[in-house]
Amino acid sequence: MFESLIGLVAIIALFVIISRQQSRIGLIERELGALRSLVLSGVHVAAPQAKPVEQAANDSMPADAAIAAVTDIAPPPAGEAAAEEKPPTEVEATEAASGPWAAGEAAPAGPAPAQPVAATAKPAQKPDIETALGTRWAVWVGGIALALGGLFLIRYTIEAGIFGPGVRLSMAAMLGLVLVAVGEFIRRTGFKVPVQGVAGAYIPAILTAAGAFILFGTVYAAHGVYGFIGPALAFTLLGAIGVATIAAALVHGKALAGVGLLGAVVTPMLVASQAPNPWALFGYLAIVLAATGVIARLRDWKLLMAAAFVGTGLWTILYMTDAPGTNLPVVLFINAVTLAVLALVWLGRRGGEAEPARGFDWPSVAPGFFVGLSAMALFVDPAYAAGDALPGAALIAALVAVALYRPLALALLHAAGLATVLVYLGIIPPTSVVSDFSGGALGVDGLPAAVADTLILRIGIVLGLVLIAAGFWAARKFAASAHIRAASWAAWGVVAPLVILLALWFTFGNLDRDLVYAAVAALLVVVFATGGEWIARGEQPPLQGGAAVSFALGGAAVAALLMLYMAFGSGWTTMLLGAAAIVPALATRWRAYPVLGWISVAAVIAVLGRIAFDPTIVGAEFLSRTPVFNWLLPGYGVPALAFGFAAWQLARTTNGRPRLAMEAGAALFAVLTVAILVRHAMHGGVIDMGAATLAEQAIYTLIAIGAGAILVAVDMRSPSLVLRYGSLAAGVVSVAFIVIQHFVALNPLFTDESTGRIPVFNLLFLAYLLPALAAGALALYARDKRPKWYAAMLALVAALLAFVYATLSVRRLFKGEFIGLWSGLGQLETYTYSALWLIIGVALLTAGVWLKSQVLRVASAALISVAVLKVFLFDMSELEGVLRALSFIGLGAVLIGIGLFYQRLLTRAAKGSAV
């Protein structure tokens, strides 16, 4: 069925092409006759000017249009013909050479005269469906048909029993060789592809690929089906065919190289052996890889080179994972060959050319990945790591060395760094490890955790030193010309050693306190900081503090963090970590590196993480119960002071976003210091997650209001967006505390909490009157300094707090220490509320007029309206006798007095406007 379909398609395509070309051929013959008559009559026709290489190679002008253009050319003067002769152009050289490769790769051709065109040629036309059928599809389908035809011929002769196996294989081999020979013959006759868009339909390459395909099938059948030849000879023949096909790609194009490479890589799978020899396998793969590298380098075929690296790498990983009795020298050999081909063949310099300052070689990603994977396997696979891990370390060092030797192969550096990090993260004991600080060791389920030996420690030290030295040297070398490359080297020169140090500390060190590892971390601080300065001096212009310098100094900061954790206890670590934020801020006096300010910000984040992990600073069991003077004061206070000083210093040097972040950190830790001390004191020296009481919440609210006031005051002296928005946030948070906690959640009217036995200075005084005074004072202070809504919000909340305080105080006067709502209301208490609300309303009105605050006047009107509703709806039904009468009399007197007050105000306003 498939054979019939291929034949039918070919017949239809040929019929359409032949029928459509008859008219064109007739037109060409007539035009040639006219041109011949013109030449014989003595008229000179100038040859068209050579086109650019791409245009000449892809020109799709039909034949009749081309001849018409030639006949329309005006002849130049006879005297200029000789003077205008020029050397052969690139187009003619390309046409004389064979093969469809790009310009610049063709062999030079003999000289041929070229003359300019007197008129511009017609633009190239887009190829139509007929051109595609006749030039591309016919060739592709024909090549596939030839290859399949050879295989189908072998199959047919087998099924029909016409010839013996030897004859059938000989016929197939002859067909393959004939196709290769025909392709070479056509190529040598000067075949070229002059039509646009059909360079992929290069007939000699198609014929050669079909022949190679048939030869591959023939050899495999001779070995795998009939057993005529042994595995050694079959292996050799298949490899030779693959390598020869790859070599033929030099004249036939990279598509043929892909066919040959695929056949060469698949060959070991096609040939089975009872006693496989890994040296023969990987020796053969090394030859294929080297040959492919040479050809890919000559033609700059990146995809072919990457495919060769992938094929070799897959075979290596397959052998390491599945082969019984793996051979370590073989693994090292093929990885060494891979790196050698990459460094010496693929990335080898041509005569006199310099190494490019920029760029990235993406085919090197494949060897980086597979060699790095092999190195990791040599570390962790018991089949290899049972002896020692030195071979894996050697491969990692080789990756670094090749990346240094060939800077374009930056992928090898990433592979080496990532492999190192993963290997040493893997030696850290699992998460089920519990710390036994008394013994200074780690244990898993009560047993010592022996996850690595001392050799891993020594290898880690060596690898760390190699990466530091290579990373900083390369970063300095490329700091002026290739910033991304320099940053990559500096990053791995910092990250990998830090991970190694952390892993070794977790595995071999004392997690409680280890001065030896702390000394190593301190040494890294010095090395990284010095290396960053050395790299900065190599920048152009110097001392700019680019990405490489940022990585180096950032690594110094992380090493300092590790040093503090290794050398000090919890309390001192928190304080010193906060104080460390001052160091990079001070360094901005001498260096304007952008990273310095962000290192200070990182210190804020580190301290926040530390106190989030343990808010008690030193552990709940070691925290003193003494109020104020305990570990909480320096643990929170020292970072707050340090962050404030760092913000002050940054404001005088860099004055950028880090300064704003440090101001925010200082404000936050100042508030946290007071709040945590309050909680410690209010809970008897215990920091727990219990719910806050109303008294404790009142103190938090006062702290928030006070923080808002301080931020406003500081912002007026030293304007800052952080201080401005921080003050607004503090005001909003304090209002939220009041509305949610004071009015609803913790209101003693609902909780029946004790308000205290002291008549005035009790819980109501602390929770309502003091916040009312503080919010009112902040609203008054923030007028004309903050948005109007901010001051109005605080003023309204202050009025509500005063109202609630007065109301609850009346209830306490009648009910005593416990004022829960469920204890009921008395008639005298009810009347007192009405009188009190009217008095408060009048007071608010007076204050609003005096302070020229519309918010207070509106609040007064609202409160008096509530009093009116209460009198008419509640007092009328609940009160009796004189109390009912006094309630209405008082309400009426107050309302009349308010009306008189407003009338006088309006009269004075009218007189003032009249004057």
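Residues numbered from 1 in each chain as written. Predicted model: local features only at pLDDT ≥ 70, side-chain atom pairs only at ≥ 80, totals over all residues. Heavy atoms only, no water.

## Some words on the overall build of the chain
Consideration 1: A tally of helices and strands in the chain yields 33 helices and three strands.
Consideration 2: When each of the 915 residues of the chain is scored for burial, the buried share is 41%.
Consideration 3: Across the chain, the fraction of contacts at a sequence separation of at least 24, relative to all contacts at a separation of at least 6, is 72%. (Helix = DSSP H or I, 4+ residues; strand = E, 2+ residues; numbered from the N terminus. Buried < 20%, exposed > 50% of the residue type's maximum accessible area, 1.4 Å probe, protein only. Contact = heavy atoms within 4.5 Å.)

## Quick word on helix H24 (residues 632-651)
Consideration 1: With 20 residues, H24 extends 28 Å from end C-alpha to end C-alpha; this agrees with the ideal 28 Å at 1.5 Å per step.
Consideration 2: Of the positions making up H24, those classed as buried are Leu632, Gly635, Tyr636, Gly637, Pro639, Ala640, Ala642, Phe643, Ala646, Ala647, Gln649 and Leu650.
Consideration 3: Considering only its buried residues, H24 is in contact with helix H21 (570-579), helix H22 (582-587), helix H23 (594-613) and helix H25 (657-682). (Expected span 1.5 Å × (residues − 1).)

## Concerning the pattern of salt bridges
Consideration 1: Across all of its chains, the model carries seven salt bridges by this definition.
Consideration 2: Arg537 is the partner of Glu533 in a salt bridge, and the nearest nitrogen-oxygen pair spans 3.2 Å. Of this pair, Glu533 and Arg537 both sit in helix H19 (residues 515-537), separated by four residues, roughly a single helical turn.
Consideration 3: Overall, the relative accessible area of 48% leaves Arg537 in the partly exposed class.
Consideration 4: Salt bridges linked by common partners bring Glu533, Arg537 and Arg591 together as one network. (Salt bridge = Lys/Arg side-chain N within 4 Å of Asp/Glu carboxyl O.)

## Thoughts on a nonpolar patch on the surface
Consideration 1: A surface patch of nonpolar side chains, amounting to about 370 Å² of accessible area, comprises Leu262, Val266, Met269 and Leu318.
Consideration 2: Of the residues forming the nonpolar patch, the biggest block, three residues, is contributed by helix H9 (residues 254-270). (Patch = residues over 30% accessible without salt bridge, like charges linked within 9 Å, V, L, I, M, F, W, Y side chains within 5 Å. Areas by Shrake-Rupley, 256 points an atom, 1.4 Å probe, with all protein chains shown as cover.)

## What to know about the confidence of the model for the chain
Consideration 1: Averaged over every residue, the pLDDT of the chain is 76; residues scoring 70 or more account for 65%.
Consideration 2: Model confidence for the chain, summarised as mean pLDDT per element, is weakest for helix H4 (residues 90-96) at 37 and strongest for H19 at 96.
Consideration 3: Across residues 43-140 the pLDDT falls below 50, and counting only partners more than four positions away or on other chains, this stretch makes 123 contacts in the model. (pLDDT = per-residue confidence, 0-100.)

## A word on the packing of helix H20 (residues 547-567) against H21
Consideration 1: Relative orientation of the contacting elements H20 and H21 amounts to 155 degrees, with a least axis distance of 8 Å. Relative to H21, H20 is oriented roughly antiparallel. The two elements H20 and H21 meet at a crossing, and its hand is right-handed. Of the residues in H21, those touching H20 at Leu561, Leu564 and Tyr565 are Thr573, Leu576 and Leu577.
Consideration 2: Across the contact of H20 with H21, the residue classes tally to five nonpolar, one polar and no charged. (Axes fitted to C-alpha atoms, helices over the stretch in contact; angles between N-to-C directions. Parallel < 35°, antiparallel > 145°, perpendicular 65-115°, else oblique. Left-handed = near helix turned anticlockwise from the far one by under 90°. Nonpolar A, V, L, I, M, F, W, Y, C, P; charged D, E, K, R; others polar.)

## Considerations on H19
Consideration 1: Counted at 1.5 Å a residue, the expected span for H19 with its 23 residues is 33 Å, and the 33 Å between its end C-alpha atoms agrees.
Consideration 2: Those residues of H19 not exposed but buried are Tyr517, Ala518, Ala521, Leu524, Phe528, Gly531, Gly532, Glu533, Ile535 and Ala536.
Consideration 3: Looking at the packing, one finds that the buried side of H19 touches helix H17 (454-478), helix H18 (483-508) and H20.

## Comments concerning the packing of aromatic side chains
Consideration 1: Applying the stated criterion across every chain yields a total of 12 aromatic pairs.
Consideration 2: Taking 5.5 Å as the distance between ring centres and 35 degrees as the angle between the ring planes, the aromatic pair formed by Phe645 and Trp648 counts as tilted. Taken together, the residues span about one helical turn, with Phe645 and Trp648 both in helix H24 at a distance of three residues.
Consideration 3: Between the aromatic rings of Phe803 and Trp837, the centroid separation amounts to 5.4 Å while the plane-to-plane angle is 55 degrees, which identifies the pairing as tilted. (Phe/Tyr/Trp six-rings, centres within 6.5 Å; stacked < 30°, edge-to-face > 60°.)

## Some remarks on the side chain of Arg610
Consideration 1: Along the chain, Arg610 turns up in helix H23.
Consideration 2: Nearest to the buried, unbridged Arg610 among oppositely charged side chains is Asp614, at 4.3 Å.
Consideration 3: In contact with Arg610, other than residues within four places in its own chain, are Tyr565, Ser570, Thr574 and Ile617. (Lys, Arg positive; Asp, Glu negative; His and termini not counted.)

## Section: the environment of Lys254
Consideration 1: Structurally, the position occupied by Lys254 is in helix H9.
Consideration 2: Lys254 gets classed as exposed once you look at its relative accessible area, which sits at 52%.
Consideration 3: For the pair Lys254 and Ala296, spaced 42 residues apart in sequence, the C-alpha separation works out to 8.4 Å.

## Regarding unusual backbone geometry
Consideration 1: With an omega dihedral of -5 degrees, the bond running from Gln540 to Pro541 counts as a cis peptide bond.
Consideration 2: With respect to the secondary-structure elements, Pro541 resides in the loop between H19 and H20.
Consideration 3: Unusually for a residue other than glycine, Val628 sits at a positive phi of about 65 degrees.
Consideration 4: As for its placement among the helices and strands, Val628 is situated in the loop between H23 and H24.
Consideration 5: Judged by its relative accessible area of 36%, Val628 falls in the partly exposed class.
Consideration 6: One non-glycine residue, Asp752, lies in the positive phi region at around 60 degrees.

## A closer look at the packing of H18 against H20
Consideration 1: Running from N to C, H18 and H20 point in directions that differ by 10 degrees, and their axes come no closer than 7 Å. What the angle tells us is that H18 and H20 run roughly parallel. On the side of H18, the interface is formed by Ala486, Ala487, Ala490, Ala491, Val494, Leu498, Leu501, Leu502 and Trp505, while H20 contributes Ala547, Ala548, Phe551, Ala552, Gly555, Val558, Ala559, Leu562, Tyr565 and Met566.
Consideration 2: Across the contact of H18 with H20, the residue classes break down as 18 nonpolar, one polar and no charged.

## Notes on the nonpolar core
Consideration 1: Among the nonpolar cores identified, the biggest contains 102 residues, and Phe379, Tyr424 and Trp489 are the most heavily contacted of them.
Consideration 2: By residue number, the principal contributor to this core is H18, which donates 13 residues.
Consideration 3: Within the second largest apolar cluster, 31 residues are counted, among which are Val735, Leu764, Leu778 and Val804. (Core = buried A, V, L, I, M, F, W, Y, C linked by side-chain atoms within 4.5 Å.)

## A word on the environment of Val842
Consideration 1: Among the structural elements, Val842 can be located in helix H31 (residues 827-851).
Consideration 2: Judged by its relative accessible area of 33%, Val842 falls in the partly exposed class.
Consideration 3: Sequence separation between Val842 and Ser860 is 18 residues; the distance between their C-alpha atoms is 6.7 Å.

## Things to note about the environment of Trp279
Consideration 1: Turning to its location among the elements, Trp279 is positioned in helix H10 (residues 278-299).
Consideration 2: Since its relative accessible area comes to 41%, Trp279 is described here as partly exposed.
Consideration 3: A C-alpha to C-alpha distance of 9.5 Å links Trp279 and Ile334, two positions 55 residues apart in sequence.
Consideration 4: Sequence-distant contacts of Trp279, defined by excluding residues within four places in its chain, comprise Asn327, Pro329, Val330 and Phe333.

## A look at the side chain of Thr673
Consideration 1: Residue placement: Thr673 occurs in helix H25.
Consideration 2: A polar contact of 3.2 Å, which involves the side chain of Thr673, links it to the backbone oxygen of Tyr636.
Consideration 3: Contact partners of Thr673, with chain neighbours within four places excluded, come to Leu633, Tyr636, Gly637 and Ala640. (Polar contact = N/O pair within 3.5 Å; in protein donor to acceptor, adjacent residues only side chain to side chain.)

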